[in-house]
Amino acid sequence: MKTSQPQSTRFHNLDAIKEWTTQDADEIYQISRWGEGYFGVTDKGDLCVRPTQKENGPAINIMEVIEEMKVKNIPFPAVIRFHDILRSQVINLNKTFQATIEEAKFNGKYFGVYPIKVNQMREVVDEVVDAGAAYNYGLEAGSKPELMAALAMNTNQNSLTIINGYKDRDFLRLALLGIQLGRKVIVVVEKYTELEELLKLSAETGIEPMIGLRAKIATKSSGKWASSGGDYAKFGLTITEILQAVRHLKSIGKESCLKLLHFHIGSQIPDIRTIKDSITEGARIYAKLYKEGARIEYFDVGGGVGVNYDGTRSNSPSSINYTTKDYVADVVYMLKQICDIEDVPHPNITSESGRVITAHHSCVVTNVFGSIEIGADNFNTEKAINENILVTNMRDLVLELTEKNYQEVFNDASKLKEESISAFKLGILSLDERAKLETIYWRICRQIVAHASTDDYAPDEILQLKNQMAPQYLCNFSVFQSAPDTWAIGQILPVVPLHKLNQKPTELSTLVDITCDSDGKLDNFLSADGPTNTVPMHKLIEGEESYVGLFMTGAYQDIMGDNHNCFGRLNEVHVFCDDDDPTDFYIEEVIYGNRASHVLASLQYNPETMAQTVKSVIDQQVKRGKIRPRDGVDITDFYENCLKSYTYLKK
Ligand SMILES: *Cc1c(COP(=O)(O)O)cnc(C)c1O
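Examining the overall build of the protein
Right, on to step 1. Each helix and strand in the protein was counted, giving 22 helices and 21 strands.
Right, on to step 2. Overall, the protein is about 100 × 70 × 55 Å in size when its C-alpha atoms are taken along their principal axes.
Right, on to step 3. Residues classed as buried in the protein amount to 55% of the 651 residues present.
Right, on to step 4. Of the roughly 28,800 Å² that the protein leaves accessible, carbon and sulfur atoms contribute 51%.
Right, on to step 5. Charged side chains of the protein number 69 positive and 89 negative; the gap between the two group centres comes to 5 Å.

What to know about empty space enclosed by the protein
Right, on to step 1. Counted by the stated rule, this structure contains seven cavities of 30 Å³ or more.
Right, on to step 2. One number sums up the size of the largest cavity: a volume of about 130 Å³.
Right, on to step 3. Around the largest cavity sit 14 residues that line it, and His499, Lys500, His538, Glu545 and Ser546 are the ones nearest its centre.
Right, on to step 4. Tallied by class, the residues present in the lining of the largest cavity amount to seven nonpolar, three polar and four charged.
Right, on to step 5. Of the pockets and cavities examined, the second largest cavity occupies roughly 80 Å³.
Right, on to step 6. Around the second largest cavity, the lining residues are Val79, Val364, Gln481, Ser482, Gln557, Asp558, Arg569, Leu570 and Glu572.

Examining the site of the ligand
Right, on to step 1. Near the ligand lie 16 residues; those nearest to it are Lys117, Ser267, Glu352, Gly354 and Tyr556.
Right, on to step 2. Gly354 has a polar backbone atom sitting 2.8 Å from an oxygen atom of the ligand.
Right, on to step 3. In the environment of the ligand, an oxygen atom lies 2.6 Å from a nitrogen or oxygen atom belonging to the side chain of Tyr556.
Right, on to step 4. Residue classes in the shell around the ligand are distributed as three nonpolar, nine polar and four charged.

Considering helix α9 (residues 239-251)
Right, on to step 1. In this model, α9 (13 residues) spans 18 Å end to end at C-alpha, consistent with the 18 Å of a helix rising 1.5 Å per residue.
Right, on to step 2. The secondary structure elements touched by the buried residues of α9 are α8 (192-205), β9 (210-214), β10 (258-262) and α10 (272-291).

Considering the pairing of strand β8 (residues 184-189)
Right, on to step 1. The buried count for β8 comes to five of six residues, which makes it a mostly enclosed element.
Right, on to step 2. Of the pairings in the sheet, the one linking strand β7 (residues 160-163) to β8 comprises four bridges and is parallel in character. Residue pairing for β8: Leu160 is matched across the bridge by Lys184.
Right, on to step 3. Inspection of the sheet shows β8 paired to β9 by four bridges, in the parallel sense. From the neighbouring strand, Val188 faces β9, where its bridge partner is Gly212.
Right, on to step 4. Each parallel crossover has a hand, and for β8 linked through α8 to β9 it is right-handed.

Structural notes on the pattern of salt bridges
Right, on to step 1. One pass over the structure, following the stated rule, counts 35 salt bridges.
Right, on to step 2. Between Lys44 and Asp46 there is a salt bridge, with the nearest N and O atoms lying 3.6 Å from each other.
Right, on to step 3. Here Lys44 falls in the exposed class, since its relative accessible area comes to 58%.
Right, on to step 4. The exposure class of Asp46 is buried, given its relative accessible area of 7%.
Right, on to step 5. We note a salt bridge from Asp523 to Lys521, for which the minimum N-O separation is 3.6 Å.
Right, on to step 6. A relative accessible area of 14% means that Asp523 is categorised as buried.
Right, on to step 7. One salt-bridge network, in which partners are shared between bridges, spans Arg81, Asp558, Arg569 and Glu572.

A look at helix α3 (residues 62-71)
Right, on to step 1. The complete set of buried residues in α3 reads Ile62, Met63, Val65, Ile66 and Met69. The buried residues of α3 all sit within an arc of 155 degrees when viewed along its axis, so they share a single face.
Right, on to step 2. Among the residues trailing α3, Asn73 stands out with phi positive, at a value near 60 degrees.

Quick word on the sheet that holds strand β11 (residues 298-300)
Right, on to step 1. Read from one edge of the open sheet, eight strands run β5-β6-β7-β8-β9-β10-β11-β12, paired in parallel fashion. One side of each edge strand has no neighbouring strand; the edge strands of this open sheet are β5 (113-115) and β12 (348-350). On average, each strand axis in the sheet is tilted by 25 degrees relative to the strand beside it, whichever way the strands run.
Right, on to step 2. Here β5 runs beside strand β6 (residues 138-141); their pairing, made up of three bridges, is parallel. Bridge pairing links Pro115 to Glu140 in β6.

Observations regarding the nonpolar core
Nonpolar side chains in soluble globular proteins tend to end up buried together.
Right, on to step 1. Formed by 185 residues in total, the largest nonpolar core has its most connected members in Ile80, Ile211 and Phe551.
Right, on to step 2. The element best represented in this core is α10, accounting for nine residues.
Right, on to step 3. Counting only domains with at least three residues in this core, you end up with domain 1 (85-360) and domain 2 (389-462).
Right, on to step 4. Among residues more than four places away in sequence, those in contact with Phe551 are Trp34, Phe39, Leu47, Ile62, Ser362, Cys363, Leu493, Pro494, Val496 and Leu498.

Structural notes on the domain arrangement of the protein
Right, on to step 1. When its domains are assigned, the protein resolves into domain 1 (85-360), domain 2 (389-462) and domain 3 (597-643).
Right, on to step 2. Placing a centre on the C-alpha atoms of domain 2 and another on those of domain 3 gives a separation of 51 Å.

Some remarks on the environment of Arg434
Right, on to step 1. Structurally, the position occupied by Arg434 is in helix α15 (residues 431-453).
Right, on to step 2. Relative accessible area serves as the criterion here: at 24%, Arg434 is assigned to the partly exposed category.
Right, on to step 3. C-alpha of Arg434 to C-alpha of Leu390: the two residues are 44 residues apart in sequence and 9.3 Å apart in space.

Observations regarding the packing of helix α4 (residues 83-103) against helix α5 (residues 122-132)
Right, on to step 1. Axis separation between α4 and α5 bottoms out at 9 Å; the angle between their running directions is 45 degrees. By the angle between their axes, α4 is oblique relative to α5. The chirality of how α4 crosses α5 is right-handed. Within the contact between the two elements, α4 uses His83, Leu86, Arg87, Val90 and Ile91 and α5 uses Glu123, Val124, Glu127, Val128, Asp130, Ala131 and Gly132.
Right, on to step 2. For the contact of α4 with α5, the residue count by class is six nonpolar, two polar and four charged.

With respect to the side chain of Thr274
Right, on to step 1. Residue position: Thr274 is located in helix α10.
Right, on to step 2. Look at Thr274 and you get buried, because its relative accessible area is 8%.
Right, on to step 3. In contact with Thr274, other than residues within four places in its own chain, are Thr219, Lys220, Ser221, Ile265 and Ile269.

Observations regarding the packing of aromatic side chains
Right, on to step 1. Applying the stated criterion across every chain yields a total of 15 aromatic pairs.
Right, on to step 2. Note that Arg295 overlies the ring of Tyr290, its terminal NZ or CZ placed 4.2 Å from the centroid.
Right, on to step 3. The cationic tip of Arg434 hangs over the ring face of Phe424; the distance from NZ or CZ to the ring centre is 4.7 Å.

A word on a negative patch on the surface
Right, on to step 1. Together, Asp396, Glu400, Glu408 and Asp412 make up a negatively charged patch on the protein surface.
Right, on to step 2. The exposure class of Asp412 is partly exposed, given its relative accessible area of 35%.

Reading the values: the criteria
Counting of residues starts from 1 at the beginning of each chain's written sequence and follows it residue by residue. Whole-chain, interface and lining totals are the exception, using all residues; otherwise, since this is a predicted model, local features are given only for residues with pLDDT of at least 70 and side-chain atom pairs are given and counted only at 80 or more. The basis for every side-chain value is the complete set of heavy atoms in the structure, and neither hydrogens nor water enter the calculation. Only DSSP runs of H or I reaching four residues or more are called helices, and only runs of E reaching two or more are called strands; each is numbered from the N terminus. Buried means the residue's accessible area, taken with a 1.4 Å probe over protein chains only, is under 20% of the maximum for its type, while exposed means over 50%, and partly exposed covers the values in between. Accessibility throughout is a Shrake-Rupley quantity obtained with a 1.4 Å probe, and a residue counts as covered only by protein chains that appear here. Positive charges come from Lys and Arg, negative ones from Asp and Glu, while His and the chain ends are left out of the count. Where a charge lies is defined by one atom per residue type, namely NZ (Lys), CZ (Arg), CG (Asp) and CD (Glu). Cavities and pockets are defined on a 1 Å grid built over the protein atoms alone: a cavity is a set of grid points where a 1.4 Å probe fits but cannot escape, while a pocket is an open set with protein on both sides within 12 Å along at least five of seven lines, and lining residues are those with an atom within 4 Å of any such point. Grid points are joined across faces, edges and corners, and a volume is the space filled by probe spheres set on the points. The classification used treats Ala, Val, Leu, Ile, Met, Phe, Trp, Tyr, Cys and Pro as nonpolar, Asp, Glu, Lys and Arg as charged, and all other residues, Gly among them, as polar. Note on terminology: near, applied to a residue and a molecule or strand, indicates that one of the residue's heavy atoms is within 4 Å of it. Identification of polar contacts relies on pairs of N or O atoms within 3.5 Å, with a donor-acceptor requirement for protein atoms, meaning one able to donate a hydrogen and the other able to accept it, and with residues adjacent in sequence counted only if both atoms are side-chain atoms. Given a helix with a known number of residues, its expected span is that number minus one, times 1.5 Å. Residues are treated as being in contact if the distance between any of their heavy atoms lies within 4.5 Å. One bridge is not enough; two strands pair if DSSP finds at least two bridges between them. Seen with its strands pointing away from the viewer, a crossover is right-handed when the path leading from the first strand over the helix to the second is clockwise. When a carboxyl oxygen of Asp or Glu lies within 4 Å of a side-chain nitrogen of Lys or Arg, that pair is called a salt bridge. Comment: arc refers to directions from the helix axis out to C-beta atoms. Axes here mean lines fitted to C-alpha atoms, for a helix over just the part in contact, with angles spanning 0 to 180 degrees between N-to-C directions. To form a nonpolar core, buried Ala, Val, Leu, Ile, Met, Phe, Trp, Tyr and Cys residues must be joined to one another through side-chain atoms within 4.5 Å. An automatic or database domain assignment supplies the residue ranges for each domain. For classification purposes, an angle smaller than 35 degrees is called roughly parallel, one larger than 145 roughly antiparallel, one from 65 to 115 roughly perpendicular, and anything else oblique. Here a crossing is taken to be left-handed if its near helix is turned anticlockwise relative to the far helix by less than a right angle, and right-handed if that turn runs clockwise. Geometry of aromatic contacts follows a simple scheme: Phe, Tyr and Trp rings, the Trp one being its six-membered ring, pair when their centres are within 6.5 Å, and the pair is stacked under 30 degrees between planes, edge-to-face over 60, tilted otherwise. The criterion is that NZ of a Lys, or CZ of an Arg, lies within 6 Å of the ring centre and within 35 degrees of the ring normal, and then a charge sits over that ring. Patches were defined on residues exceeding 30% relative accessible area and lacking a salt bridge, with like-charge contacts within 9 Å and nonpolar side-chain contacts (Val, Leu, Ile, Met, Phe, Trp, Tyr) within 5 Å.

Right, dumping it as structure tokens:
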């Protein structure tokens, strides 16, 4: 299933830029906008990472990372993780909360948690926990395996471990085990029966639980995750159920176990007004519950802080119209205001931001290995004697075409092309004639597109033709593994060539992947004016390497990827900044992606048996004299080596 991509008739106007500089690259690819200062362009025209978000700070040239990977024999495509960005995002969020709380004279503290589901890689969680240690930053888990990871990773007694999602008995038991380990594990009740089950288990084990209640609040977000809020949301308790829960806990003398009030209205919330509304509603619920006798200590505002995937800083679904600072200020000040009006104490604040913590830290680097030109003009179209009239008519259209009548000529040419297919099916048109007619047709289309490009009033149909005729750049990666949200929900991710950014790109292209799936492509890109279907790329030069980066893949994309076509996980390098190193970086770790045998084994194949079977068939062919013994050994080795090799294309 693919949500149909919006057809855009917007194009980057590259012709308008006469003297191309790296500043133009920054604008065309909106690098400063989505990059939040973490990304920039070197004077040489390479894309670089600035871990300190400062233009004069250390800069890691991504092309130098690529060079080092080549030396280390790490093939592409690959994920590069910039751990300094991850750390910096954790520290920024915590510092912003601390500073705002101080400035607002708010009496509570901030106890954030990182929701593991956004990127569960151990190295990612490790880095987040480490960077957040000074702030008692905790973890959030939404499933049993995630909770098991959280219990093992977060050993800080002062930070929170928050559990969301539907829970069974084992899940609840694991939470109580966390309490036994001396940790602050809060079970957020999503469904009333979970509360009953938890209290039962607590009575059986004698372990006092820490309880949170998730409120189904009325505030709804817009964008792609709107269904997380409102009356029909999947999770949470209604106001009625919350009141019942509080009264029940009081009636059994367990009201002191109630620690946290939670709400989460969706991810990538595009509009700050929704956030304000949800805080207002949540704060009122907190205050009223407090007056009912619920001494809630933590006010948990959930996740939802978005990032600027498309750089527009608007309330479009791939963007947001606020900064993290705006968000934090709204949470702190609005909560304070309502608490003060209601005359209840300020609670501690918890948030579960995932996307904004991890999105920027990783990117996918792929090599472009070719391009598909639509209607290449390299076939001899010379007029033959007794040529079919359809071909002649198409030929005549070339002469008729002007910058005024291009729409009319397009209609005629399209009609002729249709007729030619009928004629071919009837056996009237030869293969050679069909090839000639189509070659001339595409020649006409190219000229039509050129005319339309300089016409301010070009019809949409022709502009869409321009999109359809855009060259397709073949990239060594799988959309389904590395950018699933671009396919599933039409999310825009930034795409930028990693070098030559000091030279003007001339080809407005789409990118296609190596899966055998026509959905395996990227044709929805950012521009300063809104989404476009093409991205500016440099002309490919025979014998020259070309690398392109897919950015902001650190949240969800990294971890949701699937095994479509058995490509599997990518090679990964973890890069750290080192200001003392001449290159400003070092590769701390290499994690190899899937070999063919790994992916096959995960689908119940036995690669060893496969190799034995192929070998025995080769042996038989050798015995029959069909294969020479020496070649038999070579091809057996070759098959076995392929099983041990990376699944993606070799250069
Ligand atoms: C997914 C999820 C989050 C993380 O949301 P982001 O938008 O990535 O910050 C937080 N809390 C809950 C309950 C979630 O389901």
